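Understanding the architecture of this molecule
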Amino acid sequence: MPDTASHSNHAKAGAVRLRRWLAALLALLMPLGAVAADVPPGGHGVTNAFGDTSVPDTPQRVVTLYQGATDSAVALGLTPVGVVDSWLEPPMYRYLREALDGVEHVGLETQPNLEKIAWLDPDLIVATRFRHQRVRPLLEAMAPTVASESVFDFKASLRLLAKATGREARARALLQDWDARVADFRRRIRRALGDAWPQRAAVVRFKSDHVRIYSTGFAGSILGELGFEQPSSVQDQGWGMKLTSEENIPVINADVIFVLLEPDDPAIARNYRHWRAHPLWQRLDAVRHDRVFEVDAVNWIMGGGILAANAMLDDLYAHYGLTPPASSCAAFDQEAVAC
């Protein structure tokens, strides 16, 4: 005989998913903010970029809608039921693939598949105001939704997800480990470089037809925390600058240049070779002192979470010939993620 209780539970779950999806569709026809998600029984409040949100005490079905939230979930030992596709190395960054094996994908960070999210029946959605303000009522109609202000503040993303899922102690351990590593790197590099510290650092990304130099964002914020300075050319330039002509090469001048490449793109590789061959490139301070380092774009700007931040810091230890502290992974659960 069939298990009638199991069948009944499955039918109820299907009804819940259908009701949430219908509510999301209804939201399309209503003014922004007119639809609100059902308040879960019990639960706790989380202050976030969407306001004050009531979430379940222990969410079991979490969907993450930006890269930093996905990275943070893995760092906290949480396996989401749904994640967005990665920008590079699709469908998911290599450093997260093992932890997220079998997890459903719900489209792009900039255009999540709302129907698929609804059918995953989440009890918590983690979004970002920067990307998802326009679809906020649709998300909130499906499940309690918390949002970060930006996509690159990895500490804020970690704290938000930890607060929403009851993993604050683990987040504190991760951030304490990070602070210890930052203090260690600052001490070691100051000792290694002496009067040559601090250095001006340029973060440069080559594309097929132009070059970008970043002043803020994920990499910029971490370099600033570590004590690096910005080149004078990009100060007060918002996110940075887009350079379309080799005549702009002097803008890149810095003590050290970190070059972000996408090695699988031949057009980008050709453009990089073209710029490096220009006489103005040879005059850059970093080039003359052999301080141009090619780094992983996933670690430096795409990952967006604390695991990527630690990988970026590992790169810096290696490029400057410094030995990281032996306890650098002490706060991580080795069964959840390999440091």
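From a predicted model like this one, the values you see are computed outputs, not experimental measurements.

Each helix and strand counted, the protein chain has 14 helices and twelve strands in total. Taking all 339 residues of the protein chain together, the buried fraction comes to 50%. Pairs at least 24 residues apart make up 68% of the contacts formed inside the protein chain by residues separated by at least 6 positions. Working note: accessible area of the protein chain is about 16,100 Å², and carbon and sulfur atoms make up 51% of it.

What the largest pocket holds in volume is close to 600 Å³. The wall of the largest pocket is formed by 22 residues, among which Arg 131, Val 151, Phe 152, Tyr 214 and Ile 301 lie closest to the centre. Looking at side-chain class alone, the lining of the largest pocket contains ten nonpolar, seven polar and five charged residues.

In this structure, Phe 185, Phe 228, Phe 258 and Leu 316 are the most contacted members of the largest nonpolar core, which totals 64 residues. The greatest single-element share of this core, amounting to eight residues, is contributed by helix H14 (residues 306–319). What Leu 316 contacts, discounting residues up to four positions off in sequence, is Phe 185, Leu 223, Leu 226, Phe 228, Phe 258 and Trp 300. One finds Phe 206, Val 211, Val 251 and Val 287 within the second-largest nonpolar core, a separate group that totals 21 residues.

Between helix H8 (residues 168–193) and H14, the shortest axis-to-axis distance is 11 Å and the interhelical angle comes to 20 degrees. As the angle between them shows, H8 and H14 are arranged roughly parallel. When the axes of H8 and H14 are compared, the crossing they make is left-handed. Of H14, the residues touching H8 (which contributes Leu 174, Leu 175, Asp 177, Trp 178, Arg 181, Val 182, Asp 184, Phe 185 and Arg 188) are Ile 306, Ala 309, Asn 310, Leu 313, Asp 314, Leu 316 and Tyr 317. Residue composition of the contact of H8 with H14, by class: ten nonpolar, one polar and five charged.

Below, the discussion takes up the pattern of salt bridges. Applying the stated criterion to the full structure yields 14 salt bridges. With its nearest N and O atoms 2.5 Å apart, the salt bridge here joins Arg 129 to Glu 149. Of this pair, Arg 129 sits in helix H5 (residues 129–132) while Glu 149 sits in the loop between strand E7 (145–148) and helix H7 (154–165), and the two are 20 residues apart along the sequence. Taking the relative accessible area as the measure of exposure, Arg 129 reaches 34% and is therefore partly exposed. The partner of Asp 285 in a salt bridge is Arg 200, and the shortest N-O contact between them spans 3.2 Å. Of this pair, Asp 285 sits in helix H12 (residues 285–288) while Arg 200 sits in the loop between H8 and strand E8 (201–206); the two residues are 85 residues apart in sequence, bridging distant segments of the chain. Linked through salt bridges whose partners overlap, the residues forming this network are Arg 200, Asp 255, Asp 285 and Arg 288.

Our focus in this paragraph is the sheet that holds strand E11 (residues 256–261). On the basis of which strands lie adjacent, the open sheet formed by five strands has the order E10-E9-E8-E11-E12 and mixed pairing. If you trace the sheet from one side to the other, it starts and ends with strand E10 (240–243) and strand E12 (292–296), each paired once. Neighbouring strand axes in the sheet, compared pairwise and without regard to direction, differ in orientation by 25 degrees on average. Where E11 meets E12, five bridges bridge the pair, whose relative direction is parallel. Note on E12: the bridge partner recorded for Val 259 is Glu 294. Strands E8, strand E9 (211–214), E10, E11 and E12 of the sheet are contacted by helix H10 (residues 266–276), whose axis makes an angle of about 130 degrees with E8.

Closest axis-to-axis distance for the helix H2 (residues 67–75)/H7 pair is 9 Å, and the angle between their directions is 60 degrees. On the basis of the axis angle, H2 is oblique to H7. The element H2 and its partner H7 pack so that their crossing is right-handed. Across from Gly 68, Ala 69, Ser 72 and Ala 73 in H2, the residues of H7 making contact are Phe 154, Ser 157, Leu 158 and Leu 161.

On to the pairing of strand E6 (residues 124–128), then. Remember that side chains alternate between the two faces of the sheet whenever the strand is regular. The buried fraction of E6 amounts to five of the five residues, a majority that puts the element mostly inside the structure. Across the two faces of E6 the burial is the same, with Leu 124, Val 126 and Thr 128 and Ile 125 and Ala 127 all buried. In terms of strand pairing, E6 meets E7 through four bridges, oriented parallel. By the bridge assignment, Thr 128 is partnered in E7 with Ser 148.

With respect to the helices and strands, Ala 75 occurs in helix H2. Owing to a relative accessible area of 0%, Ala 75 belongs among the buried residues under this scheme. Distance in space between the C-alpha atoms of Ala 75 and Leu 158 is 8.5 Å, their sequence separation being 83 residues. Setting aside residues up to four positions removed in sequence, Ala 75 forms contacts with Arg 170, Leu 174, Ile 306 and Leu 307.

Time to look at the packing of aromatic side chains. For the coordinates displayed, the defined rule picks out 15 aromatic pairs. Residues Phe 154 and Phe 218 carry aromatic rings whose centres are separated by 6.0 Å and whose planes lie at 70 degrees to one another, so their mutual orientation is edge-to-face. One end of the pair, Phe 154, is in helix H7; the other, Phe 218, is in helix H9 (residues 217–226), with 64 residues separating them in the sequence. Residue classification places Phe 218 among the buried residues on the basis of a relative accessible area of 3%. Judged by centre distance (6.5 Å) and plane angle (80 degrees), the ring pair of Tyr 272 and Trp 281 falls under edge-to-face. Residue Tyr 272 is classed as buried on the basis of its relative accessible area of 5%. Given a relative accessible area of 3%, Trp 281 falls into the buried group. One aromatic cluster is present, formed by Phe 185, Trp 197, Phe 228, Phe 258, Phe 293, Trp 300, Tyr 317 and Tyr 320 through successive ring pairs. Here the basic side chain of Arg 276 rests over the ring of Tyr 272, its NZ or CZ set 4.4 Å away from the ring centre.

Thresholds applied
- All chains use their own residue numbering, which begins from 1 and follows the written sequence.
- The model is predicted, so local features are restricted to residues of pLDDT at least 70 and side-chain atom pairs to those at 80 or more, both for listing and for counting; the totals for chains, interfaces and linings are taken over all residues.
- Processing note: side-chain calculations cover all non-hydrogen atoms of the structure and skip hydrogens and water entirely.
- Comment: elements are numbered from the N terminus, with helices defined as DSSP H or I runs of at least four residues and strands as E runs of at least two.
- Whether a residue is buried, partly exposed or exposed follows from its accessible area with a 1.4 Å probe, protein chains only, as a fraction of its type maximum: under 20%, in between, or over 50%, in that order.
- Contacts are assigned to residue pairs that have any heavy atoms within 4.5 Å of one another.
- Computed with a 1.4 Å probe, the accessible areas rest on the Shrake-Rupley method; for each residue, only the protein chains presented here act as cover.
- Here a cavity means grid points, on a 1 Å grid over the protein atoms only, where a 1.4 Å probe fits yet cannot get out; a pocket means an open set of points with protein on both sides within 12 Å along at least five of seven lines; lining residues are those with an atom within 4 Å of a point.
- Grid points are joined across faces, edges and corners, and a volume is the space filled by probe spheres set on the points.
- Each residue is assigned to one of three groups, with Ala, Val, Leu, Ile, Met, Phe, Trp, Tyr, Cys and Pro labelled nonpolar, Asp, Glu, Lys and Arg labelled charged, and all others, Gly among them, labelled polar.
- Think of a nonpolar core as a cluster: buried Ala, Val, Leu, Ile, Met, Phe, Trp, Tyr and Cys residues, connected wherever their side-chain atoms sit within 4.5 Å.
- Helix axes are fitted to C-alpha atoms over the stretch in contact, other axes to C-alpha atoms as well, and angles between N-to-C directions run from 0 to 180 degrees.
- Angles are sorted into four bins: roughly parallel if under 35 degrees, roughly antiparallel if over 145, roughly perpendicular if 65 to 115, and oblique for all others.
- Throughout, a crossing is termed right-handed when the near helix is turned clockwise from the far one, and left-handed when it is turned anticlockwise from it by less than a right angle.
- Definition used for salt bridges: Asp or Glu carboxyl oxygen within 4 Å of a side-chain nitrogen of Lys or Arg.
- Should DSSP find at least two bridges between two strands, the strands are regarded as paired.
- Aromatic contacts are taken between Phe, Tyr and Trp rings whose centres are within 6.5 Å, Trp giving its six-membered ring; a plane angle under 30 degrees counts as stacked, one over 60 as edge-to-face, and the others as tilted.
- Lysine NZ or arginine CZ positioned within 6 Å of the ring centre and within 35 degrees of the ring normal marks a charge as sitting over the ring.

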